[in-house]
Every structure is written in C-alpha cells, then in structure tokens.
Amino acid sequence: MAGIDSEQHRLHLQQLLGATRVSWEPAQLQAHQRDTWFLNVYRALQGRLVSRPLAVVFPETVEHVQEVVRYALSHRLPVVPYGGGSGVCGAIEPDANAIVIDMRRLARILEMNDRALYARVEAGKMGEAFEEELRAAGFTSGHFPQSMAVSTIGGWLSTRAAGQYSTRYGNIEDLVLGFDAVLPDGRLLRLPARARWASGPDLRQLFLGAEGTMGIITEVTLKIFPLPESALFQSFSFPNMATGLEAIREIMRAGWRPAVVRLYDAVESARNFPEASSGSDCLLLLISEGPGAFTAAETAAAAGVCAGLGGQSRGTAPVRRWLEERNRVPTFESLIEKGLVVDTIEVSATWDRVSTLYDQVVYALQGVSGVLVASGHSSHSYPQGTNIYFTFAARPPSPELGEQTYLDCWRAAMEATLRAGGSIVHHHGIGRIRKAWLAHELGEGVELLRALKLTLDPAGILNPGTLLPES
Ligand SMILES: Cc1cc2nc3c(=O)[nH]c(=O)nc-3n(C[C@H](O)[C@H](O)[C@H](O)COP(=O)(O)OP(=O)(O)OC[C@H]3O[C@@H](n4cnc5c(N)ncnc54)[C@H](O)[C@@H]3O)c2cc1C
C-alpha cells in the first residue's frame, strides 16, 4: 500500500471505524492542531501555526482505538491522543501525516464500587462530568485541577496532573489504581485495580506523565472518597513568603494534611484578595476536610502554628472568594490582544531550598527585558517540600519579538530553578517547552526513557516530538 495519499488514508479510516467517527473537516482539523500551550496560541493568532493533522478520529470502543493504532503502524503514520486539549506545554502538535485520536466519546463510568472505594471510567470522560456523577452518588474523586471542565481523565494521567485539594487526597499518581492502555502495536495492556502492587517495578509509572508517547489509555480505575462530613476554612497573612512557607512546613511536619494549602506572594495576594491584603503581606488559605473531629483538630493545630509564626487571622472570607473564583482565568487570546506575553511555570523544591528558589526565580524573571510582573504561589504541599506556581507577564517591544521574550522568560525560570536545586516541573508536564531541560533533571534517565520508548514503539508513531529531547 506504499504511495497511498491522504485522501485514501481518510477513506480507509472511515471504512475501519464508520463515517461518523472520522473527520477531516477543516474546522475539526484546526480544533485539533494544538493544545493550550501559550506559544502555539500566539503563533496561531499570528497565522504562523499552519500545520493540520491528516484526520481526527472519534473512537467509541477500545477496539476502535486498537484498529486506528494498527492502521497507523502499518503505514508509519503518527498518532496523537487528544483529551480535552487543555495541556499547556505543547504536547499536542500533530503534523500533516498524523491521525489525532479524540478520546472524548469514550466517556462512560463503568463501575462505582462503594465497598472498595474505586470507580472504573473510560479515559475520555471530562473531569467535571465525572465529579458531578460521583457527587450524585455520595462520592468525590478528590481531584480538582483548575481545568477540570476542559480536561479528561486520560489527559490527567498522561500529564501527571495535580488537583487543588491534592495536599489531602494526593496527585493523580496517588489516585490511580490501574488502567488499560493500547500499546503502539495495537495490543491492550491491562493493569487492573489492586489494593497494592508489588509485582516487580510498577509498570503504571511508565504511562503516567508519558504524554501519549507510550500507549493510549482507554480505561482508568481511580480511588474515590465518601463526601467529607465537614469542611472548615481559615486564612492568615504573613509579612513575607519565607514565613508563610515556614508555616506550611510546620503544619505538614506535624502530620496535618489540610486539603487546600495555598500561599500567595504579596503581588498575588493584592491582586486576588484586595480586601484581605495590606499590599505587602502574603496570604495563606487553608481548607480542612474530613470527619468533624478531625477537621476541628486540624484547623486548631494549623491556627496554632500560624499564630506562633506571627500570622494574622484573615477569617474565612478569602477562602470563600477563592472557592467562587478559583476556576476563572482570562484566556491567553484576551491577554495577547493586549500586547502581552504571559505564562505560568510550576516547579517544586524541598523545604531546605524552596524559599531561595522562590526568590531566585522571581528575580530571574524580573531580569528579562519587557517583563512587567513576576509572581508566585505555593499550592501543593508535602512533608518534604512544596511547589511554586510562577506567573509572568511581559510586554515585548514588538509582536515579532514576542516569541523571543517568551522563550527568554522560560529559560530564566528553568535555569534559576535548576540552580536553586528544584524540579523543573510540578504538574503541567514536559511537552515541547520543557524538553530541553529534561536531561538536567533526569541525567542518564533520559537515555533510559528513550530506550524504553524505542522498545515499546520502535516505529516512533505515538505522539512524536513531545517529552523526549531530540537525540
Ligand atoms: C486554565 C487551565 C488550568 C489548568 N489547571 C491545571 C491544574 O490545576 N492542574 C493540572 O495538573 N493541570 C492544569 N492544567 C493543565 C491541563 O489541564 C492538564 O495538563 C490536564 O491533565 C490535561 O488534560 P487534557 O485531557 O486536556 O489533555 P490534553 O491536553 O488533551 O493532552 C495532554 C497530553 O496527554 C496525551 N493524552 C491525552 N489523553 C490521552 C490518553 N487517553 N492516553 C494517552 N495519552 C493521552 C496527549 O497526547 C497529550 O500529550 C490547566 C490548564 C488550563 C488551560
């Protein structure tokens, strides 16, 4: 079948899946040409992102996914899984030969197991719909990424996502019990739910954060939790980030796990909570969830730590405001129209380094020509450390220089993070923007990852161009 052209591939795909499950409508091709990475939004608005995939397919069964992958392998066509397209690192950028697999018709909850507290769900299920169905049955997933209305469960696994309540419930890797994945040769790998695995290395980890390069996740078993009996809110202000971070460290060290732990620097406190901020202090928001006796004890203990470090109580209003506003963010398009180049960069570090890391990354970003503001907050904490989620906005001297300004900001933040001994990524993934720094983080691990990819996918059909740096 050598020499087969695009039109013939599309017709063959239609024969395999049925006409309603394959599209090459220009609007569909355009809708699947990128994720929500700032740089590709910017390029698209400037008319510089012109590549469109060969076709978009909409499988409704696992067998459909297998058929597409086998077809792609036999013709050496790239296959790009697409969840909600909310990824922000450029993991989705199909070329003109690529088949994009839109997973969103695989969206059924297959089982809610009350006794063992897990749910089996198809990987294209949108996060918000999943949570709503769980809540109606008295459960929660415990996983609330800000993007839950626009992201899928398969996407969460593939980027190692983190939700806003992660400090109590865990990140996605803590919540996944098992999953099925179609391998690059079309075989189905099944890793079912177990209370714990000890059968050699944990194969699940090979697919978590793999950005669709190792397999296509079709079904997932996630932990679920009974809806909490009680939720208590409180907030405190601190004179600087270092003291606020110290409060979080002490709370975590003592063994408490507030579901939400968010410390904003002075810039973000003033921007997000003007009524509670003096303009120079840093606001810490805490939500405790669980049995009533537990939340009462946790809230009192956390308040004691904060008071001991000079934290001033700001009551529950800032937490209520955050709950109302937490998933509202301006679109990149609206900021680009104002002539701005912006992004968020989330990194992490252990407690012995994180305060220095915060200072150094903000300083490095402020040093980039055109940067108007650089700020950060901590939003996912652990006994050993926390993340910092930086935001920058810059006004490049001209639209032609916008891309360079953007890349300069990323380079400044990544290099400062590495200098401070942090990890270059907390939860958004690698994509195309971070892969140049992967070797700094993994060392020999990059070649190990490359070898694993080559073994699993010798033809290199699954989502080429993301995650692994060019060799
Ligand atoms: C406004 C906004 C807020 C955000 N907030 C958060 C947040 O709070 N926490 C967080 O972690 N992230 C956040 N993100 C980033 C993004 O939502 C996450 O990375 C999310 O997990 C991506 O899911 P998705 O379904 O949209 O995946 P996509 O963007 O469609 O895909 C992401 C990667 O996974 C691959 N993929 C998708 N589905 C599958 C599958 N079934 N099998 C194999 N590979 C697959 C894709 O090929 C791609 O490489 C945010 C993004 C935006 C735009």
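Residues numbered from 1 in each chain as written. Predicted model: local features only at pLDDT ≥ 70, side-chain atom pairs only at ≥ 80, totals over all residues.

Engineer: How would you summarise the confidence of the model for the protein if you had to cite specific residues and measurements?
Structural biologist: Residues at a pLDDT of 70 or more form 100% of the protein, whose mean pLDDT is 97. The secondary structure element of the protein with the lowest average pLDDT is helix 16 (residues 438–442), at 96, and the one with the highest is strand 4 (residues 99–102), at 99. (pLDDT = per-residue confidence, 0-100. Helix = DSSP H or I, 4+ residues; strand = E, 2+ residues; numbered from the N terminus.)

Engineer: Could you give an account of the sheet that holds strand 14 (residues 282–290), with specific residues and numbers?
Structural biologist: Spatial strand order, 15-12-14-13-17-18-16: seven strands in an open sheet with antiparallel pairing. Every other strand in the sheet has two partners, leaving strand 15 (312–313) and strand 16 (341–350) as the edge strands with one partner each. Sheet analysis places strand 12 (residues 230–238) next to strand 14, joined by nine bridges and oriented antiparallel. From the neighbouring strand, Ser235 faces strand 14, where its bridge partner is Leu285. (Pairing = 2+ DSSP bridges.)

Engineer: How would you sum up the nonpolar core? Please name residues and give values.
Structural biologist: Generally speaking, a soluble globular protein has its nonpolar side chains buried in company with each other. Counting residues in hydrophobic clusters, the biggest one holds 130 residues, and the most contacted among them are Val57, Val79, Ile99, Ile101, Leu157, Leu365 and Ala413. Leave out the neighbours within four places in its chain, and Ala413 touches Ile345, Val361, Ala364, Leu365 and Phe390. (Core = buried A, V, L, I, M, F, W, Y, C linked by C-beta atoms within 7 Å. Buried ≥ 20, exposed ≤ 12 C-beta atoms within 10 Å, placed from the backbone. Contact = placed C-beta atoms within 7 Å.)

Engineer: Tell me about the pairing of strand 8 (residues 176–182), and please be specific about residues and values.
Structural biologist: Counting buried positions along strand 8 yields six of seven residues, so the element is predominantly enclosed. Of the strand pairs in this sheet, strand 8 and strand 9 (residues 188–191) are connected by four bridges, and their pairing is antiparallel. Bridge pairing links Ala181 to Leu189 in strand 9.

Engineer: Describe the sheet that holds strand 10 (residues 216–223), listing the residues and the values that go with them.
Structural biologist: Strands sit in the order 5-6-10-8-9 across an open sheet of five strands; the sheet is antiparallel. Because the sheet does not close on itself, it has two edges, and the strands there are strand 5 (109–113) and strand 9. Strand after strand, the sheet turns through a mean of 10° between neighbouring axes, direction not considered. By the bridge criterion, five bridges tie strand 6 (residues 118–122) to strand 10 in an arrangement that is antiparallel. In the strand pairing of strand 10, Glu122 is matched with Glu219. (Axes fitted to C-alpha atoms, helices over the stretch in contact; angles between N-to-C directions.)

Engineer: Which residues make up the site of the ligand, and what are the values?
Structural biologist: Residues in contact with the ligand amount to 37 residues; listed here are only the nearest, Gly83, Gly87, Gly154, Gly155 and Gly212. Those elements that provide at least two residues to the shell around the ligand are strand 3 (79–82), helix 6 (153–159) and strand 10. When residues in the shell around the ligand are grouped by element, the largest group, five residues, is from helix 6. Each residue belonging to the shell around the ligand can be placed in one class, and the counts come to 15 nonpolar, 20 polar and two charged. (Near = placed C-beta within 6 Å. Nonpolar A, V, L, I, M, F, W, Y, C, P; charged D, E, K, R; others polar.)

Engineer: Pulling in residues and values, what's your account of helix 3 (residues 38–45)?
Structural biologist: Taken together, the buried positions of helix 3 are occupied by Phe38, Leu39, Asn40 and Tyr42. Its buried side turned inward, helix 3 meets helix 13 (332–337), strand 16 and helix 15 (402–419). Of the residues one or two after helix 3, Gly47 is the one with positive phi, at around 75°.

Engineer: Got a sec to walk through the domain arrangement of the protein? Specific residues and values, please.
Structural biologist: We note that the domain assignment places domain 1 (6–102), domain 2 (109–226), domain 3 (230–325) and domain 4 (332–433) within the protein. The gap between the C-alpha centroids of domain 1 and domain 3 is 43 Å. (Domains from an automatic or database assignment.)

Engineer: Give a detailed account of unusual backbone geometry, specifying residues and quantitative values.
Structural biologist: For Glu211, which is not glycine, the phi torsion reads 55° and is therefore positive. Relative to the helices and strands, Glu211 is located in the loop between strand 9 and strand 10. Backbone geometry places Leu467, a non-glycine residue, at a positive phi of 65°.

Engineer: Pulling in residues and values, what's your account of the environment of Leu468?
Structural biologist: Following the sequence through the fold, Leu468 ends up in the segment after helix 17 (445–456). For the pair formed by Leu468 and Ala436, sequence separation is 32 residues and the distance between their alpha carbons is 8.5 Å. If sequence neighbours within four positions are ignored, Leu468 has contacts with Lys435, Leu449, Arg450 and Lys453.

Engineer: Account for the environment of Asn327, with residues named and values stated.
Structural biologist: Note on placement: Asn327 falls in the loop between helix 12 (317–325) and helix 13. Given 15 C-beta atoms within 10 Å, Asn327 falls into the partly exposed group.

Engineer: Tell me about the pairing of strand 13 (residues 260–264), residues and numbers included.
Structural biologist: Within strand 13, five of the five residues are buried, leaving the element largely enclosed by the surrounding structure. Burial of strand 13 is two-sided: the residues Val260, Arg262 and Tyr264 facing one way and the residues Val261 and Leu263 facing the other way are all buried. Looking at chain direction, strand 13 and strand 14 are connected through five bridges and run antiparallel. Each bridged residue has a counterpart across the sheet, and for Leu263 the counterpart in strand 14 is Leu284. Two elements, strand 13 and strand 17 (residues 371–378), share two bridges in a ladder whose sense is antiparallel. What sits directly across from Tyr264, in strand 17, is His377.

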